Amino acid sequence: MSKVLIKNTLNEPELAEETAIPATEQELLFLTQKLAELEIPIKVFLQAVSIAAYDCSSAFRYADKYLNLAQK
C-alpha cells in the first residue's frame, strides 16, 4: 500500500478508529499478574477478564485505572 493511500485512510475518522482485538492467553496471564500486585475484589478481576475477551487494550486501561485508584 502506498504511503499516500495510508495517510488518506488514517485521515478519515471512521476508518482510523482503533479496532478492538481480544486478548491472547499470554496477555491474559500478564493482566492477571498485573492485577495480583494488590489485593483486589474478585468482581474487578472478573470484569477485567470479561473486557479482555473483546478488547485487550481496554482491559489493561481498566486494570491500570483501578490499580492507580487503589494505591492512593
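Residues numbered from 1 in each chain as written. Predicted model: local features only at pLDDT ≥ 70, side-chain atom pairs only at ≥ 80, totals over all residues. Heavy atoms only, no water.

**Here's the deal with the overall build of the chain**
And then number 1: Per the secondary structure count, the chain includes five helices and zero strands.
And then number 2: Shown N-terminal to C-terminal, the secondary structure of the chain runs as helices and strands in the order α-α-α-α-α.
And then number 3: Across the 72 residues of the chain, 19% fall into the buried class.
And then number 4: Split by element, the accessible area of the chain, about 5800 Å² in all, is 59% carbon and sulfur. (Helix = DSSP H or I, 4+ residues; strand = E, 2+ residues; numbered from the N terminus. Buried < 20%, exposed > 50% of the residue type's maximum accessible area, 1.4 Å probe, protein only. Areas by Shrake-Rupley, 256 points an atom, 1.4 Å probe, with all protein chains shown as cover.)

**Brief notes about helix H4 (residues 42–52)**
And then number 1: Those residues of H4 that fall on the buried side of the exposure criterion are Val 44, Ala 48 and Ala 52. For H4, the buried positions fall inside an angular range of 75 degrees around the axis, keeping them on one side. With respect to the buried face of H4, the exposed residues turned more than 90 degrees away are Ile 42, Lys 43 and Leu 46.
And then number 2: On its buried side, H4 packs onto helix H3 (25–35) and helix H5 (56–71). (Arc of directions from axis to C-beta. Contact = heavy atoms within 4.5 Å.)

**Overview of the nonpolar core**
As a rule of thumb, soluble globular proteins bury nonpolar side chains together.
And then number 1: Within the largest apolar cluster, 12 residues are counted, these being Ala 23, Leu 31, Leu 35, Ile 40, Val 44, Ala 48, Ala 52, Cys 56, Ala 59, Phe 60, Ala 63 and Leu 67.
And then number 2: Where this core is concerned, the elements lending two or more residues are H3, H4 and H5.
And then number 3: If you tally residues by element for this core, the top one is H5, at five residues.
And then number 4: The residues contacting Ile 40, other than those within four sequence positions of it, are Leu 35, Phe 45, Tyr 66 and Leu 67. (Core = buried A, V, L, I, M, F, W, Y, C linked by side-chain atoms within 4.5 Å.)

**Regarding the packing of H3 against H4**
And then number 1: Between H3 and H4, whose axes approach to 11 Å, the crossing angle comes to 155 degrees. By the angle between their directions, the pair H3 and H4 is classed as roughly antiparallel. Handedness of the H3/H4 crossing: right-handed. Residues Leu 28, Leu 31, Thr 32 and Leu 35 of H3 lie in contact with H4, whose contacting residues are Phe 45, Ala 48 and Ala 52.
And then number 2: Broken down by class, the residue content of the contact of H3 with H4 amounts to six nonpolar, one polar and no charged. (Axes fitted to C-alpha atoms, helices over the stretch in contact; angles between N-to-C directions. Parallel < 35°, antiparallel > 145°, perpendicular 65-115°, else oblique. Left-handed = near helix turned anticlockwise from the far one by under 90°. Nonpolar A, V, L, I, M, F, W, Y, C, P; charged D, E, K, R; others polar.)

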